[in-house]
Structure formats: C-alpha cells, structure tokens
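Close look at the chain arrangement
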Amino acid sequence: AGTWKSERVIASRQGPHLHLAGGGAGIINFCANNYLGLSSHPEVIRAAVEALEKFGAGLSSVRFICGTQSIHKDLEEKIACFHQREDAILYASCFDANAGIFEALLTPEDAVLSDELNHASIIDGIRLCKANKYRYKHMDMQDLEAKLKEAQKHRLRLVATDGAFSMDGDIAPLREICQLAHKYDALVFIDECHATGFLGPNGRGTDELLGVMDKVTIINSTLGKALGGAAGGYTTGPKPLIDLLRQRSRPYLFSNSLPPAVVGCASKALDLLMESNAIAQSMADKTQRFRSKMTAAGFTISGKDHPICPVMLGDARLASVMAEDMLNRGIYVIGFSYPVVPKGKARIRVQISAVHSDEDIDRCVEAFTQVGRKHGALP
C-alpha cells in the first residue's frame, strides 16, 4: 500500500541541520520535536556531563528500592514549580506516565471521558484501567456534555485530552472543557507533550495559553521534546495524587530510575525557560511565516498557530513519495499515514523549531512547492 515505514540514520547530533549516514550533509531538519532547539544547547549538554560525572551512568534500580537521588527530587520540585502545581513524579517516558495514571486513579465505579484523537499512550493507559470508558468526538463540546450527562451515575469522572494534538496541530478547547467539568463535577487531565516549554506566555502549556491553570487538575508531559529532548516524562498535580502514584503506579514501581544525565539535561532546560521566555516567544513568528507561505502556495495546513504544521495530502503513497523527494532537495520530512493517522488523512508533518532561520523556512516552502507541482499536489 506504500505505507511501509523505514528509518533514516542520522550521523550527527539533533538540530536544525543534520548529517545522514551514507553521506547526506547539510540536510535541514523539519520533523523533530526539538521545538526550542535545546537538544544540542551547550548548557544543556554541559549539565548532562556534570550529572554523569557526579552521579554515574545509572541507578540499576527502581526509585523505591535504591534509585532515588537528590537530583530526582530536585527536578520533581522544579517541574511542580514550573507548572504551579503541588508535586510531580518522574517516569521513564510520558508513555509510561500515561500508562501509570488511569489504573492507579480510577476504579470500576468511575468513568473516563477521552477525546477520540488522543495520543496512543492515553488510549493504552485507559485500556489498562477498569473504569467505565466514554469516547467523545474530537474537540466536540456538545458530544462531551452528552457523555458527561450519561456519566453522572459514576462515582468520579475524569475528562482526558491532549492539550495540543500531535498529528493535527490543533489545540484542545480547554476553557470550554473546564467549564463543562465544573458543571458536571469532573476532573480534567491533559497531556502536554506538544505544548510544554513553548505554548503560553511563559511556555507553561495550553492551560497557561488559555488561562485555565487553576482549573486543570492533572498534567502529564515529557522531558523528551522541548525540554532537552533526551527522555523522561512526568505527572504533576495535587500532592495526594502524586503520593498515590508513588505507591500504586506500575511503570513507576517497576522501571529503572531516570539516568542522571537525562535528569541533568531536563533540569537545565527548565532553568533556561524559567530565566527567560525569549526562546518560547520566538516560535510564534516562525510558525506564522511557514503557515502563511505554505497556504499562499496552495497547500492545506491543518491546525492553527502551532509549530506542528501538517501538510494535508490525503493519499498515503503520495505523502511517502513526496517526503523522499523532499529529502533529495535537502529537506528532512516524513510522510504520515494509517495507522498513525486515519485512512484518507495522510500528510507530511512539518515541525518548526526556534533554531530554524527564516532562510531555512523559505527553503522548505520552495522545496514543497517544487515537489508538490511535480507530483500533482499543486496545480
């Protein structure tokens, strides 16, 4: 069907410009989650080296046995401060954080209401719990309200949504979700992997962007995207919830502690963000430049005002062939098709980084225009 996925091999550090194994040099990278360019920031790298030298390569243990170091506690405190929450708990990834929260929090007497386009890790986490499951149409508040009415018979209701949806670049209507949650006595959970660090005036995420930081109960997010790009995830929220997760969350109880170098990376990335919002604010102009130029060229770009810019093509084979042709023109992008996105919604997902130059963006648009015309995606 033209949807077989192969992996390109990078022979350099992550950044706006890459070298590929086999000789590809000077490639402009437009599909990493390196939103703030911190994956190769010299201070972030230095912090990792210092943590590695002081605290070792790894803990060889889970947290509650002998795997908790002072740097883990310091980072959890820093995360809670950044999000203005009471406490936080670290995981090996946000996939693990999503796998660990629903089963620990919800019982067969409870209900979870999930957006139909939530990330696979949220879907898998919900599958693991025994709560009553409701799925509402994507960002459809009428459908969510109908499901909340139906769920009133249950003890506890939890609305679960991505803050920013990674495949479409759209942002959840958190104001309306929080209003409905208040009306129907529900809690709100958001996955902020594609928002933490760069959405909102200070990069705190979609809840800051939309002015509902005091109304969202639980935030799960990652250290592996904007916050240094290494690995790791976390849950932040009320302290009693975090205490419960330390006792009952299986990915936390049965996975090795985060390696010190990863903790050092993320801690320094948070320091840089809390010192200045300049990096986070640099995203908006560059995102607008790409979206407006691509739209003017005749492409359909999904989402709005987010550095995730899906170039909608529809046909899976077309997306794959165009992505390969883009690489021949020095632009690294990847075609997305089923089962990553729904059938008939194939796309090339472009992601803008704070470290892209205007020239990088213009070169990407020019290449898209040439390739689009060649393959019939543009007139």
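Definitions and cut-offs
- Residues numbered from 1 in each chain as written.
- Predicted model: local features only at pLDDT ≥ 70, side-chain atom pairs only at ≥ 80, totals over all residues.
- Heavy atoms only, no water.
- UniProt positions renumbered as here; feature names shortened; annotations may be inferred.
- Helix = DSSP H or I, 4+ residues; strand = E, 2+ residues; numbered from the N terminus.
- Phe/Tyr/Trp six-rings, centres within 6.5 Å; stacked < 30°, edge-to-face > 60°.
- Buried < 20%, exposed > 50% of the residue type's maximum accessible area, 1.4 Å probe, protein only.
- Lys NZ or Arg CZ within 6 Å of the ring centre and 35° of its normal.
- Core = buried A, V, L, I, M, F, W, Y, C linked by side-chain atoms within 4.5 Å.
- Domains from an automatic or database assignment.
- Contact = heavy atoms within 4.5 Å.
- Pairing = 2+ DSSP bridges.

To continue, consider the UniProt feature "domain: Aminotransferase class I/classII large" (unreviewed entry) in the protein. In the numbering used here, UniProt assigns the feature "domain: Aminotransferase class I/classII large" (unreviewed entry) to residues 27-368. Span residues 27-368 is 44% helix and 16% strand, its end C-alpha atoms 15 Å apart.

With that out of the way, let us pick up the packing of aromatic side chains. Under the counting rule described, the total for this entry stands at four aromatic pairs. Ring centres 4.3 Å apart and planes at 35° place the aromatic pair Tyr35 and Phe198 in the tilted group. In this pair, Tyr35 sits in the loop between β2 (24-29) and α1 (42-55) while Phe198 sits in the loop between β7 (187-191) and α8 (206-209), placing the two residues 163 residues apart along the sequence. With relative accessibility at 5%, the residue Phe198 sits in the buried group. For the cation-ring pair, Arg8 lies above Tyr332, with the distance from its terminal atom to the ring centre recorded as 4.7 Å. Between Lys343 and the ring centre of Tyr338, over which it is positioned, the NZ or CZ distance is 4.9 Å.

With that out of the way, let us pick up the nonpolar core. Within the largest apolar cluster, 33 residues are counted, with the highest numbers of intra-cluster contacts made by Leu36, Leu75, Ile79, Leu90, Phe198, Leu223 and Leu227. Listed by contribution, the elements that provide at least two residues to this core are α1, α3 (70-83), β3 (87-91) and α11 (260-275). Here this core gets nine residues from one element, more than from any other, and that element is α11. A domain split of this core shows at least three residues from each of domain 1 (17-30 + 278-375) and domain 2 (42-275). In contact with Leu36, not counting residues within four places along its chain, are Gly197, Phe198, Ala226, Leu273, Ile279, Ala280, Met283, Ser353, Ala354 and Val355. Core analysis: the second largest hydrophobic core is formed by 28 residues, Met294, Ala323, Met326 and Val333 among them.

Let us now look at the sheet that holds β2. Read across the open sheet, the three strands follow the order β1-β2-β11; overall the sheet is mixed. Looking at strand neighbours, the two that pair on one side only are β1 (17-20) and β11 (331-332), the edges of this open sheet. Strand direction decides the pairing type here: β2 and β11, joined by two bridges, are parallel. What sits directly across from Ile28, in β11, is Ile331.

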